[in-house]
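Structural overview
The primary structure of each chain is shown beneath.
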Amino acid sequence: PPPRATMPKTATVVVLHVGASMRTPFGAPAGAAARARTRLSAARLALDKWVEHKVLFAAQDEIGLVLYGATNGATDEGGDGGGGVTVHNELERGSLTMLKNLAGVTADPEREANSGGSAKSPAATDCALCPALVTAVDMLRRRTAKKKYAREIIVLTDCGETGSIANADQEV
């Protein structure tokens, strides 16, 4: 690869699933749910380490975060009207503030609490990946139009698998 000095700045939008299925214990036996790490906490830890790396070694790169799958999330104007899509961070340079904000991201508990009284069905929030991707592409387009940036979108999800993690390594 070319030396970092000759590479363009990178704009990356991370699309993170925060639906109720992300509260499922990750890699733990069925009975050990109380103290097991959840899928969201594993994704958040990986994202946290990645942002730390960007802050230390690629300070000029910009990072945005789009959350999807929450029933209480408002769709931003960049989305196409799908439910549960929220822009958590606009594209900006990685910072300690971004890391602190990332620690506050939680899975949506509302879907499990509501037994059908919610205005949004589980299918509507689980299938919000497409509107989330539209929002991510729009963020990249608005920020990097006519500028020399490498553009990336990273999707972190469990693919809606609630009973097994056998397919958790599928690429989207």
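Residues numbered from 1 in each chain as written. Predicted model: local features only at pLDDT ≥ 70, side-chain atom pairs only at ≥ 80, totals over all residues. Heavy atoms only, no water.

**A short note on unusual backbone geometry**
Within the chain, K146 stands out as a residue other than glycine whose phi angle is a positive 60°. Looking at the element boundaries, K146 is found in the loop between α5 (129-144) and β4 (149-156). Its relative accessible area of 87% is what places K146 among the exposed residues. (Helix = DSSP H or I, 4+ residues; strand = E, 2+ residues; numbered from the N terminus. Buried < 20%, exposed > 50% of the residue type's maximum accessible area, 1.4 Å probe, protein only.)

**Concerning the pattern of salt bridges**
Inspection of every chain in the model, using the stated rule, returns 5 salt bridges. Residue R143 pairs with E62 through a salt bridge whose shortest N-O separation is 2.8 Å. Placement of R143 in helix α5 and of E62 in strand β2 (residues 62-68) is noted, with a sequence separation of 81 residues between them. By relative accessible area, which is 5% here, E62 ends up buried. A salt bridge links D138 to R142; the shortest N-O distance between them is 3.0 Å. (Salt bridge = Lys/Arg side-chain N within 4 Å of Asp/Glu carboxyl O.)

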